[in-house]
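Letter by letter, the chains look like this.
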Amino acid sequence: MKRRGVLAGFGSASVLGLTGCLGDLEDDATGESSNQTDDGSGSDAGSEDDGDHPEIVDVSYETGVETQKGISDDPAVSFEETAVHATGRYSTGSACYDDQFHTPRYDTEKDQLQISLTRERNDREECEDLEETTSYRVIVEFDNGLPSSVRVNEDMGGLTEVDRP
């Protein structure tokens, strides 16, 4: 089972001013995560931070999980007291592609958590003519409440937009 976890903590007052803007944490060729500065897309990077909106404090991502979801099914989303859970299964195509998890973003203007799962071409020259799939679980922990909606988009899979109950 492949496990990847990401901890997005805010340690200084200057970083707290960017609440809701997380860097892209993407796996490089070595499997390590790197933290890059957010370009502001999908968030309200230029507006003043009033601190009244939810803040992402922890993200965990795990693949190879047991799920009843098929690749044609939309992802499942559930809301817990301080977290949002998303599970599903999507196609990555042939063996020439690997699953790619993008750091979830909180859009303050829409009050929406956005989760994106895609595929990325790997360095294999010969690809088996088999359809590869990835099952996953994403857990996003929040402070200051939960977003009013969640959008989970699977490349070559499903799309779910759910309002908080």
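Residues numbered from 1 in each chain as written. Predicted model: local features only at pLDDT ≥ 70, side-chain atom pairs only at ≥ 80, totals over all residues. Heavy atoms only, no water.

Another point: the state of the cysteines. In total, this model carries 1 disulfide according to the counting rule given. Each sulfur of the disulfide joining C96 and C127 lies 1.0 Å from the other. Linking C96 in the loop between β6 (83-93) and β7 (97-107) with C127 in the loop between β8 (112-121) and β9 (132-143), this pair joins segments that are 31 residues apart in sequence. (Disulfide = S-S within 2.5 Å. Helix = DSSP H or I, 4+ residues; strand = E, 2+ residues; numbered from the N terminus.)

As for its placement among the helices and strands, E154 is situated in strand β10 (residues 149-154). Assessed through its relative accessible area of 2%, E154 is described here as buried. Put simply, E154 and I71 are 83 residues apart on the chain and 9.4 Å apart in space, counted from C-alpha to C-alpha. If we ignore the near neighbours within four places in the chain, the residues touching E154 are D73, P75, G88, R89, Y90, L117 and Y136. Polar side-chain contacts of E154 include one of 2.6 Å to the side chain of Y136. (Buried < 20%, exposed > 50% of the residue type's maximum accessible area, 1.4 Å probe, protein only. Contact = heavy atoms within 4.5 Å. Polar contact = N/O pair within 3.5 Å; in protein donor to acceptor, adjacent residues only side chain to side chain.)

Spatially, β7-β8-β10-β11 is the arrangement adopted by the 4 strands of the open sheet, whose pairing is mixed. On the outer flanks of this sheet lie β7 and β11 (159-163), each paired with one strand and no other. On average, each strand axis in the sheet is inclined to that of its neighbour by 10°, with strand direction left out of account. As paired strands, β10 and β11 are joined by 5 bridges and run antiparallel to one another. Directly across from N153, in β11, lies its bridge partner L159. (Pairing = 2+ DSSP bridges. Axes fitted to C-alpha atoms, helices over the stretch in contact; angles between N-to-C directions.)

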